[in-house]
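Notes for the structure review
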Amino acid sequence: MNDRFLRACSGEAVAPVPVWLMRQAGRYLPAYQEVRGKTSFLALCKTPELAARVTIQPVDILGVDAAILFSDILIPLEAMGVGLEFHEGRGPVLDPPVRSRRDVEALRPIDPQSDVPFVLDTIRILRRELAGRVPLIGFSGAPFTLATYLIEGGTSRSFVHVKRLMFEAPGLFHRLMGLLAEVATAYLQAQIRAGVQAVQLFDTWAGILARRDYEEFAFPYTERILAGLAGLGVPRISFVFGGGHLLDLIGTGSADVIGLDWRTDLSTAVARLGVGKVFQGNLDPCALFLPESALRERIKTIVKEGRRARAHIFNLGHGVLPEIPPEKARLVVDLVHEVSA
Ligand code: CP3
């Protein structure tokens, strides 16, 4: 049983350093494309046998030290009563967008057992099929990122709707955030009961907030979720994309592992938060376009900086890009293991 990842999560400095890649399952893998060619993305997420199959693909192909459940952070939003579609090239569309008190009141909390049984079934299949080969990570979107998709109705550039609601109707915004924290907590508790061995909160858009607004409007809800998972015996990873300016606040929180993107050096993070923390990250996904020798140097640097922390889990600073040849992703995993052995 490869438990390198879980040991690092609990604060043990592990050699070789464990590695997995955000979005390690997906379009850059021909094996994924083959499955995806026969079904829509949403149908794939909702068919446990297929979701389990594409979850395991990167474990076989890349040799990563953890599997991450194949699903999407937006799946529970559909169960809350919002229409969800994924459009080729345009990304997700949530309809109707949530912009008024009536819209917020129309949302409902979820019962994971009856609303998203396919997620829990996928987890059960995966624990059986992985058979201890590598641990399984579950995940949820963090409340601010989920609110962003709900309020903008999809991906955004300016985030004017979400910030407008936050500033014009702070009470309503807090109410929505409270509901999303409740949903994410129930969702992750159910994933843990079904068998996931670690959880990650993805806060892709909280980095657009000023520190004071993150502190008031977003951070307390992430903390509420983490508190609701404390004592379940499963490490909790918090990843705020573009959260360098929020790091000291995040460091006061209760996440077991802090995820970093490439804009904050690991050594800077250690200097700011102290040597007692566990970090995950943080190679720029575009660094996979570098020639092998330069890629190896970058990986060496990150591994070296990670040694200053209590423990380090290697990852990219964001998801694998669809343009990346699978051999290059495999090379990253091999190089991490090699230079940290
Ligand atoms: O990491 C993994 O391998 C597990 C699966 C996973 C997916 N999405 C699969 C996916 C995870 C953990 C996510 C999280 C997710 N989803 C986030 C947070 C992480 C991040 O990337 O910032 C966000 C913001 C989303 C929302 C989302 N899902 C968008 C904006 C899109 C469209 C853009 C795109 O990359 O296609 C998706 C679709 C999506 N989610 C795909 C996959 C494999 C592509 C679907 C396809 O066409 O096959």
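Whatever comes next refers back to the structure up there.
Bear in mind that the values here come from a model prediction, so they are computed numbers and not experimental data.

**Some details on the overall build of the chain**
On a plain count of helices and strands, the chain comes out with 16 helices and nine strands. In terms of overall size, the chain behaves like a compact globule, its C-alpha atoms giving a radius of gyration of 19 Å where 341 residues would be expected to give roughly 20 Å. In the chain, the share of contacts with a sequence separation of at least 24, taken over all contacts with a separation of at least 6, comes to 74%. Of the charged side chains in the chain, 38 are positive and 37 negative; the average position of the first set lies 2 Å away from that of the second.

**Quick look at the pattern of salt bridges**
Taken as a whole and assessed by the stated rule, the structure comprises 18 salt bridges. We note a salt bridge from Glu297 to Lys300, for which the minimum N-O separation is 3.9 Å. Here Glu297 and its partner Lys300 are both found in helix H15 (residues 292–306), three residues apart, which amounts to about one turn of the helix. Connected through salt bridges with shared partners, the residues Asp3, Arg7 and Glu12 form a single ionic network.

**Quick notes on the sheet that holds strand S4 (residues 136–141)**
Reading across the sheet, the seven strands line up as S1-S4-S5-S6-S7-S8-S9 and stay open at both edges, with parallel pairing between neighbours. Two strands bound the open sheet, and with one partner strand each, they are strand S1 (67–68) and strand S9 (311–316). One ladder, built from six bridges, connects strand S8 (residues 278–283) with S9; its direction is parallel. Considered in S9, the bridge of Asn282 is made with Asn315. Sheet contacts for helix H11 (residues 170–194): S4 and strand S5 (198–203); angle to S4, the most-contacted strand, approximately 170°.

**What about the nonpolar core?**
Phe144, Phe173, Tyr214, Leu283, Ile299 and Phe314 are the most contacted members of the largest nonpolar core, which totals 134 residues. The element contributing the most residues to this core is H11, with 14 residues. Once residues within four sequence positions are removed from consideration, Phe314 is found in contact with Val17, Pro18, Val19, Trp20, Gly281, Leu283, Ile299, Ile302, Val303, Val332 and Val336.

**Observations concerning the environment of Ala311**
Within the element layout of this structure, Ala311 appears in strand S9. Overall, Ala311 belongs to the buried group, its relative accessible area being 2%. C-alpha separation for the pair Ala311 and Gly11, spaced 300 residues apart in sequence, amounts to 5.3 Å.

**Here we look at the packing of H11 against helix H12 (residues 211–229)**
Contact geometry for H11 and H12: axes closest at 9 Å, N-to-C directions at 25°. Classified by the angle between their axes, H11 and H12 sit roughly parallel to one another. Note that H11 runs across H12; the crossing there is right-handed. The segment H11 lies against H12, with Pro170, Phe173, His174, Met177, Gly178, Ala181, Ala184, Thr185, Leu188, Gln189 and Ile192 engaging Glu216, Phe217, Ala218, Tyr221, Arg224, Ile225, Gly228 and Leu229.

**Some words on the packing of aromatic side chains**
Taken as a whole and judged by the stated rule, the model has twelve aromatic pairs. The interplanar angle of 80° and the centroid separation of 4.7 Å between the aromatic rings of Phe41 and Phe86 together place this pair among those described as edge-to-face. You can see Phe41 sitting in helix H3 (residues 41–45) and its partner Phe86 sitting in strand S2 (residues 83–87), a full 45 residues away along the chain. In this structure Phe86 comes out as partly exposed when scored by relative accessible area, which is 28%. Note on Phe167 and Phe217: the rings are 6.4 Å apart at their centroids and 90° apart in plane angle, and the pair reads as edge-to-face. Taken as a pair, Phe167 in helix H10 (residues 160–168) and Phe217 in helix H12 lie far apart in primary sequence, 50 residues in all. For Phe217, a relative accessible area of 3% puts it in the buried group. Positioned over the ring face of Phe241 is Arg263, at 4.7 Å from the centre of the ring. Above the face of the Trp262 ring, Arg263 is positioned so that its terminal group lies 5.0 Å from the ring centre.

**Remarks on the site of the ligand**
The ligand sits among 22 residues. The nearest are Arg27, Tyr32, Arg36, Asp72 and His318. Arg27 is positioned such that a nitrogen or oxygen atom in its side chain is 2.7 Å from an oxygen atom of the ligand. Contributing elements (two or more residues each) for the shell around the ligand: helix H2 (30–36) and strand S3 (91–95). Taken together, the residues of the shell around the ligand break down into 13 nonpolar, five polar and four charged.

**Concerning the pairing of S9**
Within a regular strand, the side chains alternate between the two sheet faces. For S9, a buried count of six out of six residues is recorded, marking the element as mostly surrounded by other parts of the structure. Alternating residues of S9 divide into Ala311, Ile313 and Asn315 and His312, Phe314 and Leu316, and every residue in both groups is buried. In this view, the connection linking S8 to its parallel neighbour S9 by way of H15 has right-handed handedness.

**Brief notes about the side chain of Gln57**
Assignment of secondary structure puts Gln57 in helix H4 (residues 48–62). Assessed through its relative accessible area of 9%, Gln57 is described here as buried. Reaching out from Gln57, the side chain makes a polar contact with the backbone oxygen of Ala31 at a distance of 3.1 Å.

Reading guide: rules and limits
- Residues numbered from 1 in each chain as written.
- Predicted model: local features only at pLDDT ≥ 70, side-chain atom pairs only at ≥ 80, totals over all residues.
- Heavy atoms only, no water.
- Helix = DSSP H or I, 4+ residues; strand = E, 2+ residues; numbered from the N terminus.
- Rg over C-alpha atoms; globule rule 2.2 N^0.38 Å.
- Contact = heavy atoms within 4.5 Å.
- Lys, Arg positive; Asp, Glu negative; His and termini not counted.
- Charge placed at Lys NZ, Arg CZ, Asp CG, Glu CD.
- Salt bridge = Lys/Arg side-chain N within 4 Å of Asp/Glu carboxyl O.
- Pairing = 2+ DSSP bridges.
- Axes fitted to C-alpha atoms, helices over the stretch in contact; angles between N-to-C directions.
- Core = buried A, V, L, I, M, F, W, Y, C linked by side-chain atoms within 4.5 Å.
- Buried < 20%, exposed > 50% of the residue type's maximum accessible area, 1.4 Å probe, protein only.
- Parallel < 35°, antiparallel > 145°, perpendicular 65-115°, else oblique.
- Left-handed = near helix turned anticlockwise from the far one by under 90°.
- Phe/Tyr/Trp six-rings, centres within 6.5 Å; stacked < 30°, edge-to-face > 60°.
- Lys NZ or Arg CZ within 6 Å of the ring centre and 35° of its normal.
- Near = heavy atom within 4 Å.
- Polar contact = N/O pair within 3.5 Å; in protein donor to acceptor, adjacent residues only side chain to side chain.
- Nonpolar A, V, L, I, M, F, W, Y, C, P; charged D, E, K, R; others polar.
- Right-handed = clockwise from strand over helix to strand, strands pointing away.

The quantities given are spatial measurements derived from coordinates; they are silent on function.
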